[in-house]
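Here's the letter readout for the chains.
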There are 2 protein chains.
Amino acid sequence: MTHQRRLLVGIIQGADRHLDALDLWQKARQQDPTLNKVTVYRTLALLKKHGLVDELDLLHLQGGRHYYEARTTRDHIHLACLRCGRIQEFESSLFEKLKGQIERERRFRITVVRVEAGGYCDKCQD
Amino acid sequence: MTHQRRLLVGIIQGADRHLDALDLWQKARQQDPTLNKVTVYRTLALLKKHGLVDELDLLHLQGGRHYYEARTTRDHIHLACLRCGRIQEFESSLFEKLKGQIERERRFRITVVRVEAGGYCDKCQD
DNA sequence: GTACTTGCAAAGATTTTGCTTCCAA
DNA sequence: TTGGAAGCAAAATCTTTGCAAGTAC
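Residues numbered from 1 in each chain as written. Chains lettered and ligands numbered in written order. Predicted model: local features only at pLDDT ≥ 70, side-chain atom pairs only at ≥ 80, totals over all residues. Heavy atoms only, no water.

Novice: Explain the overall build of chain A here, please?
Specialist: Of the regular secondary structure elements, chain A holds four helices and six strands. Traced from its N-terminal end to its C-terminal end, chain A shows the element sequence α-β-α-α-β-β-β-β-α-β. Taken along its principal axes, the extent of the C-alpha atoms in chain A is 50 × 45 × 25 Å. Counting only contacts in chain A whose residues sit at least 6 apart along the sequence, the fraction spanning at least 24 positions is 46%. Treating the 22 positive side-chain charges of chain A as one cloud and the 17 negative ones as another, the clouds have centres 5 Å apart. (Helix = DSSP H or I, 4+ residues; strand = E, 2+ residues; numbered from the N terminus. Contact = heavy atoms within 4.5 Å. Lys, Arg positive; Asp, Glu negative; His and termini not counted. Charge placed at Lys NZ, Arg CZ, Asp CG, Glu CD.)

Spelled out as structure tokens, the structure:
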């Protein structure tokens, strides 16, 4: 556990929105200007491999980057508004049931699941 | 409607697996060797914009590329085995109910939805 | 002390853009 | 004929790799 990793993990856990690698690097550099972008990518890969962060695309609303969030106890769905860009999160017991159905009917053991819906949020409908 | 577009659309619709831009280009070149890779990207962007193809990442099992499939009448879930790489598709009325719940409870009008689950398929469990 | 991590530079992979020429309608 | 599309080359974006030097334990 290096101080670079401690710093990056702290930023991800304290984030109030989804960060991509560049966002994370820029925030980290405010506290440690020598921290290299490559270290960000390597740390994200490590955290992802260990299941501590989830990787999202948010439907590539703004290019091909990936966003990261600390894994929480309960899976949730991301709703991305195609007009205003707002990202909402949504939890549902139906979603939990759906995962159970997949595990039972296909005998597929789920370790990571990503649900992203695009459309128009309540504020962006005519 | 150019012959390049006709060719690319035909390949996507006839595909028996998920193709990325390079796959598509290589298949297209067999029939029209002058077809440019850029045309593939531009055509995919157009089809995506018009909702005729869906873009997937399949959890980036092998790098950061995108995969495309012709949009079908019914949404489905992609199950990616982290060990053998097999991709399964799964349809479920629970999934339809879940979408309905989101639309009702959040008043969010869904136009595109992507569900990708990673884990271990029936053949890859101990 | 040693195995693992970092920084740096460079390369790699994927996708996009500018611009000219061409073609479908 | 004309506006949009394709081809080509080059650039932009995002991510990974090789290697020497540094650091946690």
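Novice: Mind showing me how you'd approach the domain arrangement of chain A here?
Specialist: When the parts of a complex come together, some accessible area is lost, and that lost area is often taken as the interface size. Residues and elements named next belong to chain A. Segmenting chain A into domains produces domain 1 (1-71) and domain 2 (73-126). Distance between the C-alpha centres of domain 1 and domain 2: 22 Å. Residue-level contacts link 10 residues of domain 1 with 15 residues of domain 2. In this assembly, domain 1 packs against domain 2 so that about 980 Å² is buried in total across both faces, 56% of it on carbon and sulfur atoms. Contact with domain 2 buries area across many residues of domain 1, yet Leu58, Leu59 and Leu61 alone supply 45% of it, more than any other trio. Counting the contacts that link domain 1 with domain 2 gives one salt bridge. (Domains from an automatic or database assignment. Buried area = accessible area lost by both parts, 1.4 Å probe. Salt bridge = Lys/Arg side-chain N within 4 Å of Asp/Glu carboxyl O.)

Novice: Looking at this model, I keep getting lost on the sheet that holds strand S1 (residues 19-20) of chain A. Mind explaining?
Specialist: Each strand in a sheet pairs with another by means of backbone hydrogen bonds, the pair being arranged parallel or else antiparallel. All names here are of chain A. As summarised here, the arrangement of the three strands in space is S1-S3-S2, forming an open sheet in which the pairing is antiparallel. If you trace the sheet from one side to the other, it starts and ends with S1 and strand S2 (53-56), each paired once. Relative to strand S3 (residues 67-70), S2 runs antiparallel, the two sharing four bridges. The residue bridging Leu56 from the neighbouring strand is Tyr67, located in S3. (Pairing = 2+ DSSP bridges.)

Novice: How do you make sense of empty space enclosed by the protein when you look at a structure like this?
Specialist: Unoccupied space between atoms shows up once a probe the size of one water molecule is rolled over them. Residue and element names in this part refer to chain B. This structure, assessed with the given rule, holds one cavity of 30 Å³ or more. There is about 30 Å³ of room inside the largest cavity. Forming the boundary of the largest cavity are Asp57, Leu58, His60, Leu61, Gln62, Tyr67 and Ile87. Of the residues contributing to the lining of the largest cavity, the split by class is four nonpolar, two polar and one charged. (1 Å grid on protein atoms, 1.4 Å probe; cavity = no way out; pocket = protein on both sides within 12 Å on 5 of 7 lines; lining within 4 Å. Points joined across faces, edges and corners; volume = space filled by probe spheres on them. Nonpolar A, V, L, I, M, F, W, Y, C, P; charged D, E, K, R; others polar.)

Novice: Would you take a moment to explain the protein's contact with DNA strand D for this structure?
Specialist: Lining the immediate environment of DNA strand D, one finds 16 residues, of which Tyr41 of chain A together with Thr2, Gln4, Thr39 and Arg42 of chain B sit closest. Those atoms of DNA strand D that come within 4 Å of the protein belong to sugar or phosphate at a rate of 67%. For DNA strand D, a sugar or linking oxygen lies 3.4 Å from a polar atom in the backbone of Met1 of chain A. Here a phosphate oxygen of DNA strand D sits 2.6 Å away from a polar atom, N or O, in the side chain of Thr39 of chain B. Broken down by secondary-structure element, the contributors of at least two residues to the surface near DNA strand D are helix H3 (37-49) of chain A together with helix H1 (3-14) and helix H3 (37-49) of chain B. (Near = heavy atom within 4 Å. Polar contact = N/O pair within 3.5 Å; in protein donor to acceptor, adjacent residues only side chain to side chain.)

Novice: Where do I start with the relation of the copies chain A and chain B in this structure?
Specialist: There are two copies of the chain, and a rotation about an axis plus a shift along that axis relates them. Each copy superposes on the other: chain A lies on chain B with an RMSD of 0.1 Å after a rotation of 180° and an axial shift of 0.0 Å. Here the symmetry operator amounts to a two-fold rotation axis. Relative to the rotation axis, the C-alpha of Val115 of chain A is the closest in chain A, positioned 2.3 Å from it. Here 100% of the contact residues of chain A are again contact residues in chain B; the copies associate through an equivalent surface. (Least-squares fit on C-alpha atoms with pLDDT ≥ 70 in both.)

Novice: Help me understand the side chain of Asp54 of chain B in this model?
Specialist: Residue and element names in this part refer to chain B. In this structure, Asp54 sits in strand S2 (residues 53-56). In this structure Asp54 comes out as buried when scored by relative accessible area, which is 12%. A polar side-chain atom of Asp54 sits 2.7 Å from a polar atom in the side chain of Arg71. Setting aside residues no more than four positions away along its own chain, Asp54 makes contact with Tyr67, Tyr68, Glu69, Arg71 and Val112. (Buried < 20%, exposed > 50% of the residue type's maximum accessible area, 1.4 Å probe, protein only.)

Novice: Explain the protein's contact with DNA strand C here, please?
Specialist: For DNA strand C, the set of nearby residues contains 16 residues, the closest of which are Thr2, Gln4, Thr39 and Arg42 of chain A together with Tyr41 of chain B. The sugar-phosphate share of atoms of DNA strand C within 4 Å of the protein amounts to 64%. Side-chain polar atom of Gln4 of chain A to a sugar or linking oxygen of DNA strand C: 2.8 Å apart, as the coordinates give it. The residue inventory of the surface near DNA strand C, partitioned by class, reads six nonpolar, six polar and four charged.

Novice: Honestly, the environment of Cys84 of chain B in this entry has me stumped. Any pointers?
Specialist: Residue and element names in this part refer to chain B. The topology assignment puts Cys84 in the loop between strand S4 (77-81) and strand S5 (87-90). With relative accessibility at 43%, the residue Cys84 sits in the partly exposed group. In this structure, the C-alpha to C-alpha distance between Cys84 and Cys124, residues 40 residues apart in sequence, is 7.1 Å. Setting aside residues up to four positions removed in sequence, Cys84 forms contacts with Cys121 and Cys124.

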